Structures are given as structure tokens and as C-alpha cells.
Amino acid sequence: MKNNIVLSILILAAVGCDGLRDREQVVEEAPPAAAVAPITGMPLDTALALLDVELRAAIENKLDDTGYQRFQRAEALTDRLLETRYPFQWLKGQAYSVESKLRQVQALADRVLAMKMSGVPVDSAMPDLQMLRAEVVWLREALRGGGGPPPPPLAKLLAGEDTGKAAAPIGAAPDVDDQ
């Protein structure tokens, strides 16, 4: 009887250790963003440069073990981009919010992560990973172009202000010049 109890304890301990190892592996694969990406207060372009390095490595390694680890670092960086220092709030000539663009980058990184975690074939995830890198490269280039003014408020646009034209009545036919 004592042997059965001791054997049961040993079996349960071994099973518990395997479960612990699995949990440690998950923690190792997905470190907290703060540990991987201590970029709070860093200039945005510097953070984007770090992100680009990780994305390039993930693409070059085609999301294999090394590539996936590099992508996880990149994804952690995207989680912290909103905590960086922006040089301005609006992109010049785009009338587009820097913060909105950063949220789109985060969403795309989350999409790639979800695809990888759900077992989607790498060939299916690679186009989104490449698109993510293209967005980061585009944003870095747009930041070099400088900041601009925010777009006019919707109320002004609807009232015809800032457009040089008076607002057309609802249901009115468009001017021939507008087509």
C-alpha cells in the first residue's frame, strides 16, 4: 500500500513538472513586452528602427524557430509604440494621425501573431508579415517628411468652410466641375 502511495506521488510530481515546463516554455516564447521592449519615452523613429530590424530578421528566417522568436520581439515592440515620443501628431501632407498609424501597425502585428499561434501555414502568414514591415518602412519615411496640421473638423467641411465652396444642400445635384 505504501508503495502505491509513493508511486502515485512520484507520478503526480512528474506530471506536475511536465506541466510546469510547458508553462515555462510559454513564458520563454512570449516574454512581457516591457522586458523585450523597454522603449517608453524613446523617440518614435528609434523604436521603429528597432522594430524594422526584428521584422527583417523574422522575414529572412521565414518565421522558423529563430524567425518566430524575432517576430515575437517585434510584436512586443509594437505593443509599446504608443509609449514612445512622437515628433508631431499629424503626418505632413497626409492629414493622418501618427497614433492612428501606430495602432494599425499594432493590429497587423497582432494579426500575424494570431495566425502563427492558430497554426496557419507560414506561407499564409508571410504576406501579412511583409505588409507589416512595409507599413513600418512607410511610416519611418513619412516621419522624415515632417509634421503637418490636423485635418479641418468635420463640421467645417460640412459647412463648406476651408474648401473654398459653399456646402451643397442635401440631395442637390453635383456641379459639373466636380466630376
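Look above for the structure.
Let me begin by describing the structure that accompanies this report. (Residues numbered from 1 in each chain as written. Predicted model: local features only at pLDDT ≥ 70, side-chain atom pairs only at ≥ 80, totals over all residues. Heavy atoms only, no water.)

**What to know about helix 3 (residues 44–60)**
The condition that has to hold: Here a strand is any run of E in DSSP of at least two residues, a helix any run of H or I of at least four, and the numbering for each starts at the N terminus. A helix is expected to reach a length of 1.5 Å times the quantity of its residues less one. We call a residue buried when its accessible area falls under 20% of the maximum for its residue type, exposed when it is over 50%, and partly exposed in between, using a 1.4 Å probe and counting protein chains only. In what follows, residue pairs with any heavy atoms lying within 4.5 Å of each other are defined as contacts.
With 17 residues, helix 3 extends 24 Å between its outermost C-alpha atoms, agreeing within 8% with the 24 Å of an ideal straight helix rising 1.5 Å per residue. Among all positions of helix 3, only L44, A47, L48, L51, D52, E54, L55, A57, A58 and I59 are buried. On its buried face, helix 3 is in contact with helix 4 (65–80), helix 5 (98–117) and helix 6 (122–144).

**Some points on the pattern of salt bridges**
Selection rule: Salt bridges are identified by distance alone: a Lys or Arg side-chain nitrogen within 4 Å of an Asp or Glu carboxyl oxygen.
Evaluation of the coordinates by the stated rule reveals nine salt bridges. With a shortest N-O distance of 2.7 Å, E83 and R80 are connected by a salt bridge. Given the relative accessible area of 15%, R80 is considered buried. For K101, the salt bridge identified is with E135, shortest N-O distance 2.5 Å. Residue K101 is found in helix 5, and its partner E135 is found in helix 6; the two are separated by 34 residues along the sequence.

**Looking at a nonpolar patch on the surface**
Heads up, the rule is: Patch membership needs two things, relative accessible area over 30% and no salt bridge, and members are linked within 9 Å if like-charged or within 5 Å if nonpolar (Val, Leu, Ile, Met, Phe, Trp, Tyr). For every accessible area listed, the method is Shrake-Rupley and the probe measures 1.4 Å; residues are considered covered only by the protein chains on display.
Together, L154, L157 and L158 make up an exposed nonpolar region whose accessible area comes to about 320 Å². With respect to the secondary-structure elements, L158 resides in helix 7 (residues 154–159). By relative accessible area, L158 is classed as exposed at 61%.

**Comments concerning helix 6**
Between its first and last C-alpha, helix 6 extends 33 Å over 23 residues, near the 33 Å set by a 1.5 Å rise per residue. Restricting attention to buried positions, one finds in helix 6 the residues A125, M126, D128, L129, L132, V136, L139, R140, A142 and L143. Buried positions along helix 6 lie against helix 3, helix 4, strand 1 (90–91) and helix 5. Backbone geometry just after helix 6 places G146 at a positive phi near 95°.

**Concerning the packing of aromatic side chains**
Which entries qualify depends on this criterion: When the centres of two rings from Phe, Tyr and Trp lie within 6.5 Å, Trp using its six-membered ring, the rings pair. Their planes under 30 degrees apart give stacked, over 60 give edge-to-face, and anything left gives tilted. We call a charge positioned above a ring when the Lys NZ or Arg CZ atom is no farther than 6 Å from the ring centre and deviates by at most 35 degrees from the ring normal.
Across all of its chains, the model carries zero aromatic pairs by this definition. Sitting over the face of the ring of W138, K101 holds its NZ or CZ atom 4.7 Å from the ring centroid. Looking at K116, its charged tip hangs above the ring of Y68, at a distance of 5.2 Å from the centre.

**With respect to the nonpolar core**
Definition in use: By nonpolar core is meant a set of buried Ala, Val, Leu, Ile, Met, Phe, Trp, Tyr and Cys residues that side-chain atoms within 4.5 Å join together.
Counting residues in hydrophobic clusters, the biggest one holds 34 residues, and the most contacted among them are L51, F71, L81 and L129. Secondary structure elements with two or more residues in this core: helix 3, helix 4, helix 5 and helix 6. Among residues more than four places away in sequence, those in contact with L51 are A74, L77, T78, L81, V105 and V136.

**Regarding the side chain of E75**
Stated formally: Neither His nor the chain ends is counted toward charge; the positive residues are Lys and Arg and the negative residues Asp and Glu.
Mapped onto the fold, E75 is located in helix 4. Although E75 is buried, it makes no salt bridge; R80 carries the closest opposite charge, 11 Å away. Setting aside residues up to four positions removed in sequence, E75 forms contacts with A109, D110 and L113.

**Details of the packing of helix 4 against helix 5**
Between two packed helices, both the angle of their axes relative to each other and the distance between the axes serve to describe the pair. This is how the line gets drawn: To define axes, lines are fitted to C-alpha atoms, for helices over the stretch in contact only, and angles between the resulting N-to-C directions are given on a 0 to 180 degree scale. Working rule for handedness: look at the near helix, and if it is turned counterclockwise from the far one by less than a right angle, call the crossing left-handed; if clockwise, right-handed. When residue character is reported, Ala, Val, Leu, Ile, Met, Phe, Trp, Tyr, Cys and Pro are called nonpolar, Asp, Glu, Lys and Arg charged, and the others, Gly included, polar.
In the contact formed by helix 4 and helix 5, the axes pass within 9 Å of each other and the chain directions differ by 145°. When you trace helix 4 past helix 5, the crossing you get is left-handed. In this structure, helix 4 uses Y68, F71, E75, T78 and D79 to contact helix 5, whose residues at the interface are V105, Q106, A109, D110, V112, L113, K116 and M117. In the contact of helix 4 with helix 5, the residues fall into seven nonpolar, two polar and four charged.

**Things to note about the environment of D79**
On the secondary structure map, D79 appears in helix 4. Sequence separation between D79 and V105 is 26 residues; the distance between their C-alpha atoms is 9.4 Å.

By themselves these figures say nothing about function.
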